[in-house]
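Reading the structure
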Amino acid sequence: MNRSTHTDTTGPAPGAGDERDARFDAAMRALHRQALEQVEPATRARLRSIRSEAARAPVRRGGLLGWALASGGVAAVALALGLQFAGPAPQAPPAAAPALAELPSAAGYDADTAVAALDENPDLYLWLASNGDVLPNQPE
């Protein structure tokens, strides 16, 4: 068995990505420093005061009431959608239901007759052929 060692020279060398990342970080930090130098002192002072006020302000949490209201709203919307898609209430079975009792029993079922009925009815195959574009294409 012939084993040859092949080194891939098309990709970056190991560690080259780290060096590229470090150069990118240094460039972005330099741009940030340059942007900070262009901000007016009054604006910087105002931003510092806003940041310190925000740090001193107590953290306000919604609490249980906020979560309960949000959950209740979501539940109400889900219930409304469920009732909308549920449709009308079921009604009494139609008059044709007693005819089901007159069907032949399972003992009278003949599998050959059932298959022959499919062979004799070309509408099934026409329907299948018309829906052939719905199926995904199989790679050959």
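Note that the structure is predicted; figures quoted are calculated from it, not measured.

1. Describing the overall build of the chain
Helix and strand counts for the chain come out as five helices and zero strands. Put simply, the chain runs from its N terminus to its C terminus through helices and strands in the order α-α-α-α-α. Per-residue burial for the chain yields a buried fraction of 0% across its 140 residues. Summing over all exposed atoms, the chain offers an accessible surface of approximately 13,600 Å²; the carbon and sulfur share of this is 62%.

2. Some details on the pattern of salt bridges
Taken as a whole and judged by the stated rule, the model has one salt bridge. A salt bridge links arginine 23 to glutamate 19; the shortest N-O distance between them is 4.0 Å. Of the two residues, arginine 23 and glutamate 19 are both situated in helix α1 (residues 16-38); the distance of four residues between them amounts to about one turn of the helix. According to the relative accessible area criterion, arginine 23 is exposed, its value standing at 52%.

3. What about the confidence of the model for the chain?
The share of residues in the chain with pLDDT of 70 or more is 61%, and the mean pLDDT across the chain is 75. Of all secondary-structure elements in the chain, the lowest mean pLDDT belongs to helix α4 (residues 111-120), at 69, while α1 reaches the highest, 92. Predicted confidence is poor over residues 1-9, with pLDDT under 50, and the contacts of this stretch with residues over four places away or in other chains come to zero contacts.

4. Concerning a nonpolar patch on the surface
Among the surface-exposed residues, Leu124, Tyr125, Trp127 and Leu128 lie close enough to one another that they form a single nonpolar patch of about 410 Å² accessible area. With respect to the helices and strands, the residue leucine 124 is situated in helix α5 (residues 123-130).

Criteria and cut-off values
Along each chain, residue indices are assigned from 1 in the same order as the chain's sequence is written. Per-residue local features of the predicted model are confined to residues with pLDDT of at least 70, and side-chain atom pairs are confined, for both listing and counting, to 80 or more; whole-chain, interface and lining totals are unaffected and use all residues. Only hydrogens and water are set aside when side-chain values are computed; all heavy atoms of the structure are taken into account. Runs of H or I in DSSP of at least four residues are treated as helices and runs of E of at least two as strands, each being numbered from the N terminus. Each residue is assigned to one of three classes by its accessible area relative to the maximum for its type, calculated with a 1.4 Å probe on protein chains only: buried under 20%, partly exposed between the two thresholds, exposed over 50%. We get accessible surface area from the Shrake-Rupley algorithm with a probe of 1.4 Å; when it comes to residues, only the shown protein chains can shield them. Here, a salt bridge means any side-chain nitrogen of Lys or Arg that lies within 4 Å of a carboxyl oxygen of Asp or Glu. Looking at any residue, its pLDDT shows the predictor's confidence there, from 0 to 100. Here a residue-residue contact requires only that any non-hydrogen atoms of the pair lie within 4.5 Å. A patch consists of residues exposed above 30% relative accessible area that lack any salt bridge, with like charges linked at up to 9 Å and nonpolar side chains (Val, Leu, Ile, Met, Phe, Trp, Tyr) linked at up to 5 Å.

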